[in-house]
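Letter by letter, the chains look like this.
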Amino acid sequence: MRHKDLLNTNDILNLLTSKLNLNLKQKGRSVFFLCPFHSDKNPSCSFEPNRKIFTCFTCGFKASDIFNFWAQYQKIDQEEAIVEIGKMGYFDLAILQEEKKREQKEKNQIFYLLSLIADIYQHNLLTLVGQEVLNYLRQERHLDKTTINRFGLGCSINNRQLSRLLLDQKNADFSSEDLLATNLVWITDQNQTCDFFPAHHLIIPLANTEGKVVAFAARKVGEISADEGKYKYLPSYQYYQKSALLYNYSIVKKNRAEECYLVEGFFDVISLSKLEIKNCLALLGTNLSEEQIKLLLGLKKRIILFLDNDKAGQEATVNVAIKLLEREIDCEVVKNDYPGDPDEICRQQSQESIQILLHSRENPYSFILKYYFFKLAVRDNPQRTVRFINQVANVFQKFKPNIYDFLIGKISSLTGWKKTEIEPHFIKWNLPSFNTRHYQIIYGQELIVGKEKKIISLCTQERDFWLLTQEKIPFFSTQSHRAWYYDLYNYYISSPFHDSYSKNYPVPEFSGYRGSNSTAFFPPDQKSKIVNIALQELDNAKQFLLNYE
Ligand SMILES: [Zn+2]
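Note that this is a predicted model, so its numbers are computed, not measured.

Definitions and limits used
Residues numbered from 1 in each chain as written. Predicted model: local features only at pLDDT ≥ 70, side-chain atom pairs only at ≥ 80, totals over all residues. Heavy atoms only, no water. Helix = DSSP H or I, 4+ residues; strand = E, 2+ residues; numbered from the N terminus. Buried < 20%, exposed > 50% of the residue type's maximum accessible area, 1.4 Å probe, protein only. Polar contact = N/O pair within 3.5 Å; in protein donor to acceptor, adjacent residues only side chain to side chain. Contact = heavy atoms within 4.5 Å. Domains from an automatic or database assignment. Buried area = accessible area lost by both parts, 1.4 Å probe. Salt bridge = Lys/Arg side-chain N within 4 Å of Asp/Glu carboxyl O. Pairing = 2+ DSSP bridges. Right-handed = clockwise from strand over helix to strand, strands pointing away. Axes fitted to C-alpha atoms, helices over the stretch in contact; angles between N-to-C directions. Left-handed = near helix turned anticlockwise from the far one by under 90°. Nonpolar A, V, L, I, M, F, W, Y, C, P; charged D, E, K, R; others polar. Donors = N, O, S within 2.8 Å, 3.2 Å for Na, K, Ca; no water. Tetrahedral: all angles 85-135°; square planar, octahedral: opposite > 155°, others 65-115°.

*Asks:* What is the right way to look at the side chain of Thr415 in this model?
*Replies:* By secondary structure assignment, the location of Thr415 is in helix α17 (residues 404-415). For Thr415, a relative accessible area of 18% puts it in the buried group. A distance of 3.1 Å separates a polar side-chain atom of Thr415 from the backbone nitrogen of Trp417. Leave out the neighbours within four places in its chain, and Thr415 touches Phe373, Thr385, Phe388 and Ile422.

*Asks:* Explain the domain arrangement of the protein chain to me, please; I cannot follow it from the model alone.
*Replies:* Here the domain parsing of the protein chain yields domain 1 (3-91), domain 2 (106-240), domain 3 (249-362), domain 4 (369-435) and domain 5 (441-548). On a C-alpha basis, the centroid separation for the pair domain 2 and domain 3 is 26 Å. With 20 residues of domain 2 at the contact, the number on the domain 3 side is 15 residues. Across the domain 2/domain 3 interface, buried area totals approximately 1500 Å², and carbon plus sulfur atoms make up 66% of it. The largest per-residue losses of area from domain 2 upon contact with domain 3 belong to Arg141, Arg150 and Thr209, which jointly make up 35% of the total buried on that side. At the boundary of domain 2 and domain 3, one finds three salt bridges.

*Asks:* Looking at this structure, how should I read the pairing of strand β12 (residues 259-263)?
*Replies:* As a general feature of sheets, a regular strand has side chains that alternate between the two faces. The buried fraction of β12 is high, at five of five residues. Going residue by residue along β12, you find Glu259, Tyr261 and Val263 tucked away on one face and Cys260 and Leu262 tucked away on the opposite face as well. Pairing of β12 with strand β14 (residues 302-305), which is carried by four bridges, proceeds in the parallel orientation. Residue pairing across strands places Leu262 opposite Leu305, the latter belonging to β14. Inspection of the sheet shows β12 paired to strand β13 (residues 280-282) by three bridges, in the parallel sense. Pairing of Val263 across the sheet is with Ala282, part of β13. Crossover β12 to β13 through helix α10 (residues 266-274) is right-handed.

*Asks:* I'm lost on the packing of helix α15 (residues 364-375) against helix α16 (residues 385-396) in this one. Help?
*Replies:* For any two helices packed against each other, one specifies the crossing angle of their axes together with the interaxial distance. Remark: α15 packs on α16, axes separated minimally by 10 Å, with the N-to-C direction vectors making an angle of 145°. For the crossing formed where α15 meets α16, the hand is right-handed. For the pair α15 and α16, the contacting residues are Tyr365, Ile368, Leu369, Tyr372 and Phe373 in the first and Phe388, Gln391, Val392, Val395 and Phe396 in the second. Residues that form the contact of α15 with α16 fall into these classes: nine nonpolar, one polar and no charged.

*Asks:* Sorry, what's going on with the coordination of the zinc ion here?
*Replies:* Geometry sets the ideal angles at a metal, namely 109.5 degrees for four tetrahedral donors and 90 or 180 degrees for six octahedral donors. For the zinc ion, the full set of protein donor atoms is Cys35 (SG), His38 (ND1), Cys56 (SG) and Cys59 (SG), and the range of their distances to it is 2.1 to 2.3 Å. Here the zinc ion is ringed by four donor atoms whose angles at the metal span 101 to 120°, and the overall shape comes out tetrahedral. Spacing between the donor residues of the zinc ion along their common chain follows C-x2-H-x17-C-x2-C. Taken as a pair, His38 in the loop between β2 (30-33) and β3 (45-48) and Cys59 in the loop between β4 (53-56) and β5 (62-63) lie far apart in primary sequence, 21 residues in all. With relative accessibility at 36%, the residue Cys59 sits in the partly exposed group.

Structure representation (structure tokens):
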């Protein structure tokens, strides 16, 4: 039964007039009234009795039914709205409870079925056909019986096992619809039933937040060609969506530890757990979804990122860390120099070195900064420093301003730039804390200094430029700029080439300032234009500063 049908049209109209005192006017098939969601003078909100929907043609308000309308009106959620309207006597709340009970029963039936299937897969490991997968777990994965059981690992032995066992025989505890609903069995074009997972695969059960098995993943044992994925996941259905799941979540939720490790794959969790590190979650990929973030928020634990130490893993670490920091979820990154994934590290290193590794952590902000710093190879290409700063400023604008000072300090120690040189680049991003008068003044002053340098640089390149600036005699903002310009004056006045134009005019050189050696050729008719632009830019910078001083 749909919620929409709990109230008939007359009840809805009655509710609108008696509870909200709305004046209803019939216009064609719809009923119009003054919209309660904007200040309305002509009735522009409509109720359409056929579809039982609400629309305001002025402010765009929409409601899919009376409960949604009520929820928006009262600023409560849909569930609360249903209960409120039920309590007013418009329908019997017991109907809803019946509905909920029926849903719960159906859910329990499906969960019961899935737990049976998990048992079947687990039992398969002990059969002759299951031997290959068991050997794989024991010999290649070094897993003992306890670990295999702890994670409920199993295998598929043929591709009609579930359909034969469960569908072909009548069972009172579940129906064939339940089995089909889970996608574990499907019907072929020839009207044959077939199991979703192929035979001879390792089967890993996936549990929901309460620890109930809701789905499975399968892994082919042996050679895997490049074009096939390692894992095959059950397609989503009503009670399962892969992107909304974190592997081992129900165990970690019960764990008392204040922190938990976030890894990429099943075997990272399983291997760490074998070493008694049980507070481990797997993303089952490299992306952190919105639903997964909600799960992590619910844990209220510090998240320790321990993704694979390869290019994809490092990039994922940065992306996941950014998402966590945005939500103010406390996190750290394991400082990992070993190659491979946590599972391989667990199998290759001693327990002691793994303990040391797990406790050497890096601040996530530093990790992100270093990632971009090395990605752009800034150390070998100092000219990329500005690009680097812009890139990280862009990332960090999502975060709270109270960390900018820390970040700028870190950038300063990475690049060797002074903090005051870095700050203006952050201001460009309009970061809230830099949008203050104080920082705008610093930015304005930096801007002016830069434009002045450009003018002096032009003057050192050609005497003509100097002559052109002479008319306006710019007053430079710093003592050194004024000194340089004065030196230029002396240089050009006293020069033997004073009166003649020469392309080969020697570049002036004086204390603290080395003239530009640019060999750019400036066409004579362009020179005044170039100087005017440079002077105009300086004027604009001064104007900018005036706005804040
Ligand atoms: Zn409206």
